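Take a look at the letters that make up each chain.
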Amino acid sequence: MRVLGIETSCDETGVALYDTDEGLLADALYSQIAMHAEFGGVVPELASRDHTRKLLPLIQQVMDDANVTASDIDAITYTAGPGLVGALMVGASTAHGLARAWRVPVLGVHHMEGHLLAPMLEDDAPEFPFVALLVSGGHTQLVAVRGLGEYELLGESVDDAAGEAFDKAAKMLELPYPGGPQIAKLAEEGDPKRYRFPRPMTDRPGLDFSFSGLKTHTMVTLKKAKASGEMDEQHRADIARAFEEAVVDTLVIKCRRALDKTGLKRLVVAGGVSANTRLRERLSLELTKRNARAYYPRGCFCTDNGAMIAYVGAQRLNAGEQDTGPMRAVPRWPLDSLVPPKSSGI
Ligand code: KG4
Ligand code: ZN
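Because the structure is a prediction, the values reported are computed rather than measured.

**Student:** Just checking my understanding: could you explain the site of ligand 1 for this structure?
**Tutor:** Neighbouring ligand 1 are 19 residues; Gly137, Asp167, Gly180, Gly272 and Asn276 lie closest to it. Here His111 contributes a side-chain N or O atom positioned 3.3 Å from an oxygen atom of ligand 1. In isolation ligand 1 offers 550 Å² of accessible surface; the protein chains occlude 88% of this area. For the shell around ligand 1, the secondary structure elements donating two or more residues are α4 (111–117), α5 (162–172) and α6 (179–187). Both domains that furnish three or more residues to the shell around ligand 1 are identified here as domain 1 (2–117 + 301–337) and domain 2 (129–296).

**Student:** Please clarify how the pattern of salt bridges should be interpreted in this entry.
**Tutor:** Should the charged atoms of two oppositely charged side chains come close, the side chains can pair. Considering all chains together, one arrives at 27 salt bridges under this definition. Arg2 is the partner of Asp19 in a salt bridge, and the nearest nitrogen-oxygen pair spans 3.0 Å. Within this pair, whereas Asp19 is found in strand β2 (residues 12–19), its partner Arg2 is found in strand β1 (residues 2–7), the two being separated by 17 residues in sequence. Residue class for Asp19 comes out buried when judged on its relative accessible area of 5%. Its salt-bridge partner being Lys54, residue Asp50 comes within 3.8 Å of it at the nearest N-O pair. Of the two residues, Asp50 and Lys54 both sit in helix α2 (residues 44–66), four residues apart, roughly one turn of that helix. On the accessibility criterion, Lys54 (23% relative accessible area) is partly exposed. Salt bridges sharing common partners tie together Arg256, Asp260, Glu286, Lys289 and Arg290.

**Student:** Just to check I follow, could you spell out the packing of α5 against α6 for this structure?
**Tutor:** Packed helix pairs are characterised by how far apart their axes lie and by the angle those axes make with each other. α6 packs onto α5 with a crossing angle of 65° between their chain directions and a minimal axis gap of 7 Å. As for how α5 packs across α6, the hand of that crossing is left-handed. Taking contact as the criterion, the partners of Phe166, Asp167, Ala169 and Ala170 in α5 are, on α6, Gly179, Gly180 and Ile183. Of the residues in the contact of α5 with α6, the class split is four nonpolar, two polar and one charged.

**Student:** Whenever I open this one, the UniProt feature "binding site: Fe cation" (unreviewed entry) in the chain confuses me. Can you help?
**Tutor:** Mapped onto the present numbering, the UniProt feature "binding site: Fe cation" (unreviewed entry) falls on His111, His115 and Asp304. The annotated residues occupy 194 residues of the chain but converge on a single region, no pair of C-alpha atoms lying more than 8.7 Å apart. Take His111: it is sitting in helix α4. Taking the relative accessible area as the measure of exposure, His111 reaches 6% and is therefore buried. Setting aside residues no more than four positions away along its own chain, His111 makes contact with Glu7, Ser9, Thr79, Gly81, Pro82, Asp304, Met308 and Ile309. Polar side-chain contacts of His111 include one of 3.3 Å to the side chain of Ser9. On the secondary structure map, His115 appears in helix α4. There is a polar contact of 3.1 Å between the side chain of His115 and the side chain of His111.

**Student:** Just checking my understanding: could you explain the coordination of the zinc ion (ligand 2) for this structure?
**Tutor:** Between any two of four tetrahedral donors, the ideal angle at the metal is 109.5 degrees; between two of six octahedral donors, it is 90 or 180 degrees. Taken together, the protein donors to the zinc ion (ligand 2) comprise His111 (NE2), His115 (NE2) and Asp304 (OD), at separations of 2.1 Å. For the zinc ion (ligand 2), the four donor atoms in the first shell make angles of 92 to 148° at the metal, so the coordination geometry reads as irregular. Here the donor residues of the zinc ion (ligand 2) share one chain and are spaced in sequence as H-x3-H-x188-D. On the criterion of helical spacing, the pair formed by His111 and His115 is a turn pair, its members being four residues apart in helix α4. As far as the burial class goes, His111 and His115 line up, both buried.

How each quantity is defined
Residues numbered from 1 in each chain as written. Chains lettered and ligands numbered in written order. Predicted model: local features only at pLDDT ≥ 70, side-chain atom pairs only at ≥ 80, totals over all residues. Heavy atoms only, no water. Near = heavy atom within 4 Å. Polar contact = N/O pair within 3.5 Å; in protein donor to acceptor, adjacent residues only side chain to side chain. Areas by Shrake-Rupley, 256 points an atom, 1.4 Å probe, with all protein chains shown as cover. Helix = DSSP H or I, 4+ residues; strand = E, 2+ residues; numbered from the N terminus. Domains from an automatic or database assignment. Salt bridge = Lys/Arg side-chain N within 4 Å of Asp/Glu carboxyl O. Buried < 20%, exposed > 50% of the residue type's maximum accessible area, 1.4 Å probe, protein only. Axes fitted to C-alpha atoms, helices over the stretch in contact; angles between N-to-C directions. Left-handed = near helix turned anticlockwise from the far one by under 90°. Contact = heavy atoms within 4.5 Å. Nonpolar A, V, L, I, M, F, W, Y, C, P; charged D, E, K, R; others polar. UniProt positions renumbered as here; feature names shortened; annotations may be inferred. Donors = N, O, S within 2.8 Å, 3.2 Å for Na, K, Ca; no water. Tetrahedral: all angles 85-135°; square planar, octahedral: opposite > 155°, others 65-115°.

Right under this line is the structure:
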């Protein structure tokens, strides 16, 4: 089955073509980051308009790259949520419109299920069951994954997501949006011994996260440094380093606990923050110690992309799911409300 996947939940227009026998045939991405950077974050209305401009040309590009025509496509899948409602509607309406024109089934899928299963696109894919750490701009979650649609939420952020915390701390450090890669780069020059930031919610049992206090701590540290007149480039790098270390350490501690709690030996790390090199280094050290393994999507599939949507959609379409009603755009949609394909009534 050849499935066209469409992702438009936030600030990236992603399109891909996935074949259940041959694997990924083509994928293309248009990032709106440069447009939003001017405003320091994603402007929802601009995001919707830009998806409208870019989506059809990207679909054409992917079809050309894969050397296929409409009659070679068996189904269409799109991100139905969670995300920005206007942005989601662009992908949903395009998917439903094309599906009607091409007379093929169409299915709306969950964006985070896409991130969760993105490592399945790699040659060395993880087997079920595994623990997944989902760390993106909108989510920080630890999930026990026992199969497609069998997700037990082990813990999540009670306030800011890890990526959001990176973005906010970067803003304080006057770094451009998106802040994660910028902080990571600046942190490379930082002295890890100058500051030690708190590791929130690690002093008590449990698998939930909280990153908003860390944001306040960063602001207070910056203010103090500025007031004392000792703020320079090195100082900014030291603060970035302390911030990154605190987030990474917190994530590593919670992953360790999640593996202990479930007794599982495989950890999938996905979502934009999974691109963080320091996080990867620390996790691989930790996992080697306990004879466990981490699985990541390839670099370009850590952040939003159409390939993960095409993949997840293909699995569910293959199991008989499809949208039977109107298009869906669901801004808030808990991951653990998903069910395996057979018992789903979509
Ligand atoms: O998954 P994603 O592309 O979009 C959402 O669904 O949110 O994740 C984007 C987030 C942003 O907050 C960005 O700052 C963060 O991932 N990010 C990083 C890195 N690359 C992207 N955070 C830390 N280190 C990175 N290298
Ligand atoms: Zn995402």
